[in-house]
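The lines below spell out each chain.
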Amino acid sequence: MSILERSHLTIIREVAREGSLTAAGARLNLTQPALSHSIRKIEQQLGVKIWRREGRSLVLTQAGEWLLSLANRLLPQFELAESHLEQFANGGRGTLRIGMECHPCYQWLLKVVSPYLEKWPKVDVDVRQKFQFGGIGALFSNEIDILVTPDPLYKPGLKFTPVFDYELVLAVGPEHPLRKAKFVLPEQLADETLITYPVPSERLDIYTQFLQPAGIGPRQQKQIETTDIMLVMVTHGRGVAALPRWLVKEYASRFKLYPVKLGKHGIAKQIFLGHRETDDNIRYLCNFIEFAASPHLIVP
């Protein structure tokens, strides 16, 4: 049975390109006798004449011409595939899948992703929010490569890198009686409508770090997925929301919002990027974390 190998196509292409066995042998790191032997072996193995002699020249037969056409189509594809695989192996090409456990962090992420994509033109970014088993489970199941979270859960095999600090504040509208308060106490929210992202209350710092320790709950909770709609609701007095101070300041020109400190000492938070330890050798992933933590990208 004839077996066509990639090396056969390479030899056919180089001999046709160079026009002589000596030049083709030099390109292939073969001596002329070794190349002549390889040519005879190819014809024996394929069971067909590929070259015929015309004086001192080798001329392709009809079968040889067809194989040369095949080589010119396939070999560039092999070479491109090998180049891409090398880039994958070296961390220079791929798709960075980012999971979000921080709804308001999309604005921050935009500031990171845009210049990052310019620096890594062969890397794509895919942002995911909903996970079947939560963000940590998505990391372990290779559903995502990086998890953006304010609440890292340290597990063997995972690393978490803090990328910026922020303060969680209460955002209120221009007519709210707390708009000029230095800080707010939990009991002052007992008659409020608290607007939150669609996240369980046990994952919301306004509950776990502020209301629940005081045994207080809001009069009503409304869940809204979109930050803009949430801020419109707050501006028009439909409720209050716990958000990062930097986000409230960033939207100040579009919405009439007032940030109020939660408690006398406030609530300090950090955003972390989590990834698998086994991915430490992926250059574009590690560079994203370094880039996200760089001082010029820290939010105000």
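Residues numbered from 1 in each chain as written. Predicted model: local features only at pLDDT ≥ 70, side-chain atom pairs only at ≥ 80, totals over all residues. Heavy atoms only, no water.

- Per an unreviewed UniProt entry, the chain carries the name HTH-type transcriptional regulator MetR and comes from Komagataeibacter medellinensis.
- Entered under Sequence similarities (unreviewed entry) in the UniProt record, the comment concerning the chain runs "Belongs to the LysR transcriptional regulatory family."
- Per UniProt, the chain carries the Subcellular location (unreviewed entry) text "Cytoplasm". (UniProt positions renumbered as here; feature names shortened; annotations may be inferred.)

## A closer look at the packing of helix H1 (residues 6-18) against helix H2 (residues 21-28)
Turning to step 1, where the next piece is worked out: For the pair H1 and H2, the least separation of the axes is 8 Å and the interaxial angle reads 130°. Taken as axis vectors, H1 and H2 run oblique relative to one another. Judged by the twist between their axes, the crossing of H1 over H2 is right-handed. Of H2, the residues touching H1 (which contributes Thr10, Ile11, Glu14, Val15, Arg17 and Glu18) are Leu21, Ala23, Ala24, Arg27 and Leu28.
Turning to step 2, where the next piece is worked out: The class makeup of the residues in the contact of H1 with H2 is six nonpolar, one polar and four charged. (Axes fitted to C-alpha atoms, helices over the stretch in contact; angles between N-to-C directions. Helix = DSSP H or I, 4+ residues; strand = E, 2+ residues; numbered from the N terminus. Parallel < 35°, antiparallel > 145°, perpendicular 65-115°, else oblique. Left-handed = near helix turned anticlockwise from the far one by under 90°. Contact = heavy atoms within 4.5 Å. Nonpolar A, V, L, I, M, F, W, Y, C, P; charged D, E, K, R; others polar.)

## Points about the packing of aromatic side chains
Turning to step 1, where the next piece is worked out: Summed over all chains, the structure comprises eight aromatic pairs.
Turning to step 2, where the next piece is worked out: Between Tyr116 and Phe288 the ring centres are 5.0 Å apart and the planes differ by 90°, which places this aromatic pair in the edge-to-face class. Of this pair, Tyr116 sits in helix H5 (residues 106-119) while Phe288 sits in helix H10 (residues 283-292), and the two are 172 residues apart along the sequence. For the pair formed by Tyr116 and Phe288, the shared burial category is buried.
Turning to step 3, where the next piece is worked out: With 6.1 Å between their ring centres and 85° between their planes, Phe164 and Trp246 make a pair best called edge-to-face. You can see Phe164 sitting in strand E6 (residues 158-172) and its partner Trp246 sitting in helix H9 (residues 245-250), a full 82 residues away along the chain.
Turning to step 4, where the next piece is worked out: For Phe164, a relative accessible area of 3% corresponds to the buried category.
Turning to step 5, where the next piece is worked out: A network of ring pairs unites the aromatic residues Trp108, Phe164, Tyr166 and Trp246 as a single cluster. (Phe/Tyr/Trp six-rings, centres within 6.5 Å; stacked < 30°, edge-to-face > 60°. Buried < 20%, exposed > 50% of the residue type's maximum accessible area, 1.4 Å probe, protein only.)

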